[in-house]
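An overview of the molecular structure
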Amino acid sequence: MLLSAMVSLTAAAITPANANLAKVGDKYFLKEETKSSYNKDGSSGNSSGGGVLVEEVIEIRQDGWVVEYSLPEDTPDQQKLSQWQFPAKIFKRFSGEWEFLNEETAIARRDKWLSQSEIPKEACNSYVFTWTLVKIECDPNSAIGIAQSYDTGFCEFSKRSAVTLFDGAMPVILEVTETGANGFSLEGKSSVDASYVIQADAKNDVIIAQINGDELSYSDALSAREKENVSGNINVSISSDVNGCLEKRIISTDITKVAPDGQTEMRESTQILTRKLLDSTDN
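Here's what I pulled together on the structure shown here. (Residues numbered from 1 in each chain as written. Predicted model: local features only at pLDDT ≥ 70, side-chain atom pairs only at ≥ 80, totals over all residues. Heavy atoms only, no water.)

Regarding helix 3 (residues 103–116)
A turn of α-helix holds 3.6 residues, and therefore any two residues three or four places apart point the same way. As a reminder of what qualifies: Put simply, DSSP marks the helices as runs of H or I at least four residues long and the strands as runs of E at least two long, and each gets a number from the N terminus on. Expected helix span is computed as 1.5 Å times (number of residues minus one). Think of it in three bands: with a 1.4 Å probe and only protein chains considered, a residue is buried below 20% of the maximum accessible area for its type, exposed above 50%, and partly exposed in between. Note that the arc is defined by the directions from the helix axis to the C-beta atoms. Whether two residues are in contact is decided by their heavy atoms: any pair within 4.5 Å suffices.
Spanning 14 residues, helix 3 covers 20 Å between terminal C-alpha atoms, matching the ideal 20 Å at 1.5 Å per step. Where helix 3 is concerned, the buried positions are Ala106, Arg110, Trp113 and Leu114. The arc that holds the buried residues of helix 3, viewed along the axis, is 95 degrees, so those residues lie on one side. Exposed positions of helix 3 whose direction lies more than 90 degrees from the buried face are Glu104, Ser115 and Gln116. In this fold, the buried residues of helix 3 make contact with helix 2 (77–82) and strand 5 (98–100). One or two steps after helix 3, the chain reaches Glu118, where phi turns positive at roughly 55 degrees.

Take a look at the structure:
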């Protein structure tokens, strides 16, 4: 299953200089692995997941480049059907904006998936329980969000000093911790943005209530969650080649939540993203 990042970097702008490090036809294998666990007053659990995408440079223009994100060729047909967003051809401007170029074909694949899975269009944007909470996604532009969770800011790490995280209270300042003939490593740390965590939990509370047939407004859910004390840290570790192109990224997060009655919940999550240039015979 393709997973969006639990903690994701914001999309970085690409400059013409580092874009020249790639050429049309280059393919990269992007693999994401996630692990998470929680412990709440003696009750505990854990989960794992991940996904893969193949990123291919289709065209390099004066103001950006066209990249196609696709599933590996050996992906089972049923999985390809449910992950109808791909292949997704996206124009990534050097300024940072992303534009979905093959929306019509994605919509056709979406409608095929809905029909064969006997899912009515009225169910779009609703949620169901499988092993986890899953959204019935019908928006073709969701392909951009998924692809961005795998995006690494192409060959930016030798020049930028910080990365911004969706749930970080502040940008993570990266410092070089090791250098060698094949590249270098960077590390950084930030505190968790408590407001982001509280709002995300409130949204999940509303979704779960709807699935269970209960009524819960977002304002009520948020009011209840805001009574919790939330703290935590995010650690980022990046391995880069000599050109500053990412090879591996590890984001580790720990969150502690204390309810007004003293109940404590601890969460830990790790996301590992690896990026590998493929030979012309690989996929």
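As for the sheet that holds strand 1 (residues 27–40)
Rules: Strand pairing follows a simple DSSP-based rule, namely that at least 2 bridges must link the two strands. The axes used here are C-alpha line fits, helices contributing only the stretch in contact, and every angle between their N-to-C directions lies in the interval 0 to 180 degrees.
Pairing is antiparallel in the open sheet, where ten strands are placed in the order 5-4-3-2-1-14-13-12-11-10. If you trace the sheet from one side to the other, it starts and ends with strand 5 and strand 10 (175–180), each paired once. Strand-to-strand twist across the sheet, computed as the mean angle between neighbouring axes with direction ignored, equals 20 degrees. In this structure, strand 1 lies alongside strand 14 (residues 264–277), joined through 13 bridges in antiparallel fashion. In the sheet register, Asn39 faces strand 14, and the bridge partner there is Met266.

Details of the packing of helix 5 (residues 194–211) against helix 6 (residues 218–225)
Put simply, the rule is: Orientation is classified from the angle alone, with under 35 degrees giving roughly parallel, over 145 giving roughly antiparallel, 65 to 115 giving roughly perpendicular, and any other angle giving oblique. For a crossing to be left-handed, the near helix must be turned anticlockwise from the far one by less than a right angle; the clockwise case is right-handed. Think of it as three bins: nonpolar holds Ala, Val, Leu, Ile, Met, Phe, Trp, Tyr, Cys and Pro, charged holds Asp, Glu, Lys and Arg, and polar takes everything else, Gly as well.
Where helix 5 contacts helix 6, the axes come no closer than 8 Å and their chain directions differ by 130 degrees. Classified by the angle between their axes, helix 5 and helix 6 sit oblique to one another. Considering the relative orientation of helix 5 and helix 6, their crossing is right-handed. Residues Ile198, Gln199, Asp201, Ala202, Lys203, Asp205 and Val206 of helix 5 pack against Tyr218, Ala221, Leu222 and Arg225 of helix 6. Grouping the amino acids of the contact of helix 5 with helix 6 by side-chain chemistry returns six nonpolar, one polar and four charged.

A look at the pattern of salt bridges
Here is the rule: What counts as a salt bridge is simple: a side-chain nitrogen of Lys or Arg found within 4 Å of a carboxyl oxygen of Asp or Glu.
Here the structure, examined in full by the defined rule, presents 14 salt bridges. The salt bridge involving Glu228 is made with Lys257; its shortest N-O contact spans 3.3 Å. Here Glu228, found in the loop between helix 6 and strand 12 (229–241), pairs with Lys257, found in strand 13 (residues 246–258); they are 29 residues apart in sequence, far enough to count as distant. Relative accessible area serves as the criterion here: at 2%, Lys257 is assigned to the buried category. Several salt bridges converge on common partners, so that one network encompasses Asp201, Asp205, Arg225, Glu228, Lys257, Glu265 and Arg267.

With respect to a nonpolar patch on the surface
Where we set the bar: Excluding any residue in a salt bridge, patches collect residues exceeding 30% relative accessible area, merging like charges within 9 Å and nonpolar Val, Leu, Ile, Met, Phe, Trp and Tyr side chains within 5 Å. Each accessible area value is a Shrake-Rupley result obtained with a 1.4 Å probe; residue values ignore everything except the protein chains displayed when judging cover.
Taken together, the side chains of Phe129, Ile208 and Ile211 make up a nonpolar region of the molecular surface, amounting to roughly 240 Å² of accessible area. Looking at the element boundaries, Phe129 is found in strand 6 (residues 127–129).

So, unusual backbone geometry
Residues Phe86 and Pro87 are joined by a peptide bond in cis, for which omega reads 5 degrees. Residue position: Pro87 is located in the loop between helix 2 and strand 4 (88–93). Residue Asp41 is not a glycine yet carries a positive backbone phi of 45 degrees. Look at Asp41 and you get partly exposed, because its relative accessible area is 48%. A positive phi angle is found at Glu118, which is not glycine, with a value near 55 degrees. Within the secondary structure layout, Glu118 lies in the loop between helix 3 and strand 6.

Any functional reading would require information that these geometric values do not contain.
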